[in-house]
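# Survey of secondary and tertiary structure
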Amino acid sequence: MERHLDQELADLSALLAQMGGRAEEMVRKAMAALRTRNALLASELRADDLEVDRLELAIEERCLTLLALRQPIATDLRLVTAALHVATDLERVGDHAINVGRTVTELTRLPNTVSMPPELDRLAGAATGMLQRALDAFTARDSSSARSVCADDDEADALEDETLRILQERMISEPASVPMCVQLLLVARNLERIADLATNVAEEAIFVAQARVIKHHHEDPV
């Protein structure tokens, strides 16, 4: 039974890695479509999202079967319960990538009067980098790397704030730029949420590796 459980957990981890890779690719594709105003590329995200949704359901089914039939304990139990949470977070990453894709479609209907602020591009890099590192940390049970992802969330928040400031100033000085700036503000918000979800994944990695709950600042002294 032990060998069967080990194989089933390995299969679960492989599914989760597949879902994570697809979610990462969706974010990169969405940003590539934004940089080039490529609505056709953005439209590909719909099929990617369907695959992410399918993987989420498959992971949920595997987790529930493991809980019901194998009754895992200790680290194995933490892995199964964390996988449920991570799958939900990754599905939401896909939803935010879809939102960016919708923004690309809207932008193609507007005159290209505003260049993308460098801070927004840096936010995209920060969010995708955090997601990749969080998933790697989860796979490797690397709590140190996971904590570094959590620490980087403040940088993502600061980049969103700076992007907001720049675009607001642009809208005040150039009222004609308002429609495009509003769309870029929506992109910034979605990227910041992806960074938050990457932080969630990192927190689950710490939970699996160390049996410690750090979300909601649980480790902070009262």
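Here we summarise the structure given alongside this text. (Residues numbered from 1 in each chain as written. Predicted model: local features only at pLDDT ≥ 70, side-chain atom pairs only at ≥ 80, totals over all residues. Heavy atoms only, no water.)

## So, the overall build of the chain
When you go through the chain residue by residue, the secondary structure sums to seven helices and zero strands. Scanning the chain from its N terminus toward the C terminus, one meets helices and strands in the order α-α-α-α-α-α-α. Here the C-alpha radius of gyration of the chain, 19 Å, is about what a compact globule of 222 residues would show, namely 17 Å. Taking all 222 residues of the chain together, the buried fraction comes to 45%. Taking the contacts inside the chain whose residues are at least 6 apart along the sequence as the reference set, 83% of them involve residues at least 24 apart. (Helix = DSSP H or I, 4+ residues; strand = E, 2+ residues; numbered from the N terminus. Rg over C-alpha atoms; globule rule 2.2 N^0.38 Å. Buried < 20%, exposed > 50% of the residue type's maximum accessible area, 1.4 Å probe, protein only. Contact = heavy atoms within 4.5 Å.)

## Points about helix α3 (residues 45-69)
End to end, α3 covers 36 Å across 25 residues, agreeing with the expected 36 Å (1.5 Å per residue, within 8%). Once α3 finishes, Q71 follows within two positions and takes phi at roughly 45 degrees, a positive value. (Expected span 1.5 Å × (residues − 1).)

## With respect to the packing of aromatic side chains
Under the defined criterion, the tally for this structure stands at zero aromatic pairs. Here the basic side chain of R141 rests over the ring of F138, its NZ or CZ set 5.6 Å away from the ring centre. (Phe/Tyr/Trp six-rings, centres within 6.5 Å; stacked < 30°, edge-to-face > 60°. Lys NZ or Arg CZ within 6 Å of the ring centre and 35° of its normal.)

## Details of the pattern of salt bridges
When the charged atoms of two side chains lie near each other, side chains of opposite charge can form a pair. Per the counting criterion, the structure on display carries 16 salt bridges. Measuring nitrogen to oxygen at the nearest pair gives 3.9 Å for the salt bridge that ties R189 to E160. With R189 in helix α7 (residues 178-210) and E160 in helix α6 (residues 143-173), the pair connects residues that are 29 residues apart, well separated along the chain. Assessed through its relative accessible area of 42%, R189 is described here as partly exposed. In this structure E160 comes out as buried when scored by relative accessible area, which is 16%. Across the pair E174 and R170 runs a salt bridge, and its minimum N-O distance is 2.9 Å. R170 gets classed as partly exposed once you look at its relative accessible area, which sits at 24%. Among the ionic contacts, a cluster of salt bridges with common partners joins R22, K29, E44 and D48. (Salt bridge = Lys/Arg side-chain N within 4 Å of Asp/Glu carboxyl O.)

## Examining the packing of helix α4 (residues 74-107) against helix α5 (residues 118-140)
Here α4 crosses α5 at 165 degrees, and the two axes come no closer than 12 Å. If you check the angle between α4 and α5, you find them roughly antiparallel. As α4 runs across α5, the sense of the crossing is left-handed. Residues L79, A82, A83, V86, L90 and V93 of α4 pack against L131, L135 and F138 of α5. Of the residues that constitute the contact of α4 with α5, the class distribution is nine nonpolar, no polar and no charged. (Axes fitted to C-alpha atoms, helices over the stretch in contact; angles between N-to-C directions. Parallel < 35°, antiparallel > 145°, perpendicular 65-115°, else oblique. Left-handed = near helix turned anticlockwise from the far one by under 90°. Nonpolar A, V, L, I, M, F, W, Y, C, P; charged D, E, K, R; others polar.)

## Topic: the nonpolar core
Formed by 69 residues in total, the largest nonpolar core has its most connected members in L16, I59, L90, F138 and L191. Taken together, the elements giving at least two residues each to this core come down to α1 (2-36), α3, α4, α5, α6 and α7. Of all the elements, α7 adds the most residues to this core, at 15 residues. Apart from the residues within four sequence positions on either side, L16 is in contact with I59, A83, V86, A87, L90 and F138. (Core = buried A, V, L, I, M, F, W, Y, C linked by side-chain atoms within 4.5 Å.)

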